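Examination of the molecular architecture
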Amino acid sequence: MLCEKPPQHVLIVSSAEKGAAYISELLNPRAYDAVAVAKSGTEARRMLISETYELVVINAPLSDEFGHELAIRVAEDGASGVILIVKNELFDEICHRVGDDGVLTVAKPVSRHLFYQAVKLLEAVQARWRKLEKENRKLQVKLEEIRIVARAKCILMEYLNMSEGDAHRYIEKQAMDLRTTKKTVAENVLKTYDH
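Bear in mind that the values here come from a model prediction, so they are computed numbers and not experimental data.

Thoughts on the pattern of salt bridges
Overall, the coordinates contain nine salt bridges when judged by the stated rule. For Glu 145, the salt bridge is made with Lys 142, and the minimal N-O distance between the two is 4.0 Å. Residue Glu 145 and its partner Lys 142 are both found in helix H5 (residues 112-159); the two are separated by three residues, about one turn of the helix. Looking at Lys 142, the relative accessible area reads 44%, which means it is partly exposed.

Section: the packing of H5 against helix H7 (residues 182-193)
Remark: H5 packs on H7, axes separated minimally by 8 Å, with the N-to-C direction vectors making an angle of 45 degrees. One way to sum up the angle between H5 and H7 is to call them oblique. Helix-helix and strand crossings are classified by hand; for H5 and H7 the assignment is left-handed. Every residue of H7 that contacts H5 at Glu 145, Ile 148, Val 149, Arg 151, Ala 152, Ile 155, Leu 156 and Tyr 159 is listed here: Lys 182, Lys 183, Ala 186, Glu 187, Val 189, Leu 190 and Tyr 193. Residue composition of the contact of H5 with H7, by class: ten nonpolar, no polar and five charged.

Points about the pairing of strand E4 (residues 81-87)
With six of seven residues buried, E4 lies mostly within the body of the structure. Here strand E3 (residues 55-59) pairs with E4 via five bridges, running parallel. Of the residues in E4, the one forming a bridge with Val 57 is Ile 83. Where E4 and strand E5 (residues 103-108) come together, six bridges link them in parallel fashion. Pairing of Leu 84 across the sheet is with Thr 105, part of E5. Handedness of the crossover joining E4 and E5 through helix H4 (residues 91-98): right-handed.

Here is what the cut-offs are and how they apply
- Residues numbered from 1 in each chain as written.
- Predicted model: local features only at pLDDT ≥ 70, side-chain atom pairs only at ≥ 80, totals over all residues.
- Heavy atoms only, no water.
- Salt bridge = Lys/Arg side-chain N within 4 Å of Asp/Glu carboxyl O.
- Helix = DSSP H or I, 4+ residues; strand = E, 2+ residues; numbered from the N terminus.
- Buried < 20%, exposed > 50% of the residue type's maximum accessible area, 1.4 Å probe, protein only.
- Axes fitted to C-alpha atoms, helices over the stretch in contact; angles between N-to-C directions.
- Parallel < 35°, antiparallel > 145°, perpendicular 65-115°, else oblique.
- Left-handed = near helix turned anticlockwise from the far one by under 90°.
- Contact = heavy atoms within 4.5 Å.
- Nonpolar A, V, L, I, M, F, W, Y, C, P; charged D, E, K, R; others polar.
- Pairing = 2+ DSSP bridges.
- Right-handed = clockwise from strand over helix to strand, strands pointing away.

Dropping the structure here:
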């Protein structure tokens with residue numbers, strides 16, 4: 001049995017109440033439990049300051065702007081998946097304008113099946129993106145550790161006339177003996193010798 005994800009928050013931005021109601025109907029109520037509606041780009045921006053939404057659906061045009069600027073800004077933040085719904089005759093132009101920014105464009109009229117596919121595609125992309133971000137953070141931490149250990153080895157070579165191999169072995173042995181990380185040993189070396 002597949003385990004279900006916890007319910008997520010969605011923001012529908014639509015100046016037309018019928019449009020907001022239709023989009024709300026298209027959403028799977030088990031997947032999106034908290035559905036908020038904004039009637040303008042300005043209202044949506046205010047709501048996005050205080051709340052995080054996993055999905056933002058913009059039904060263009062809005063009363064105070066077209067909606068593609070809002071879509072780009074939300075996508076740049078990276079926390080939300082963004083679907084921009086536009087008239088069929090504007091689809092190519094808008095898709096070209098916002099596609100590189102990570103906004104998924106859907107043409108009106110929107111069918112239930114097409115909308116479901118768009119949402120699932122967006123969820124898959126977001127899941128992959130989260131994995132890559134997590135991996136990137138791990139690599140950044142590892143890179144920082146390598147930098148600190150390298151600086152500590154240079155200090156040991158300079159102040160204690162150790163060879164690079166000896167400095168490396170010293171840091172490794174200290175880490176084992178003290179049951180700590182090489183980074184911690186390297187930081188202590190830096191505190192001791194690097195003024």
